[in-house]
Amino acid sequence: MGSRYQLALEEARRSYDAQLAQLENLRGRGTWTVAAGALALSVIGVDTKSADCWSYVWSILAFLCFATVVIGTVVIAWPQKVWAGQKPHLLVQWVELDNASTDDQVRDLALHLEQQSEANAKVIGRLQKWHGAVLIALLVEVPFLLLGKLWEGVNQ
């Protein structure tokens, strides 16, 4: 028979697993966003050698948006301080407490994991905001490229 706090501990562990999956998902989406921005830049890009002033301006704005996509993705992919488990020495300390029952130990561990999960949620929330900014930059990049291409075509 397990501890009466076992469910809380299992739920805390599931929360960790979900947060790690969410972090990896964000990093993967960031990589795809850079790929999409680079593809748009290379396929739609304006020929700046023969471009007039406005085509050049649209190209520069599109490139700045792409640079934002890249920088934002680097921020997302940069190693972040997230907790994926518990330090073994802390677990040993809980086990070695003189008067602590197994229930007390499991309860304390579950509560500690909840605190770590809340700290992780703040980091992941910040990275999600960065990803939102990256997506907005990509959504702005493509119209700028199209405007530059259209302007180039009109003035030829």
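Everything quoted here is computed from the prediction, not taken from an experiment. (Residues numbered from 1 in each chain as written. Predicted model: local features only at pLDDT ≥ 70, side-chain atom pairs only at ≥ 80, totals over all residues. Heavy atoms only, no water.)

Per the stated rule, a full pass over the model turns up 2 salt bridges. Residue R27 pairs with E24 through a salt bridge whose shortest N-O separation is 3.7 Å. Of this pair, R27 and E24 are both found in helix α1 (residues 6-44), 3 residues apart, which corresponds to roughly one turn of the helix. (Salt bridge = Lys/Arg side-chain N within 4 Å of Asp/Glu carboxyl O. Helix = DSSP H or I, 4+ residues; strand = E, 2+ residues; numbered from the N terminus.)

We now examine α1. Here α1 contains 39 residues, and its C-alpha end-to-end distance of 56 Å stays within 8% of the 57 Å for a straight helix at 1.5 Å per residue. When we look at burial in α1, the residues that qualify are L9, A12, Y16, Q19, L23, L26, R27, G30, T33, G37, A40 and I44. (Expected span 1.5 Å × (residues − 1). Buried < 20%, exposed > 50% of the residue type's maximum accessible area, 1.4 Å probe, protein only.)

Another aspect to go through is the environment of V75. Mapped onto the elements of the fold, V75 is located in helix α2 (residues 53-77). Linking V75 and R27, residues 48 residues apart in sequence, is a C-alpha distance of 9.5 Å. Apart from the residues lying within four places of it in its own chain, the contact partners of V75 are Q80, L127 and W130. (Contact = heavy atoms within 4.5 Å.)

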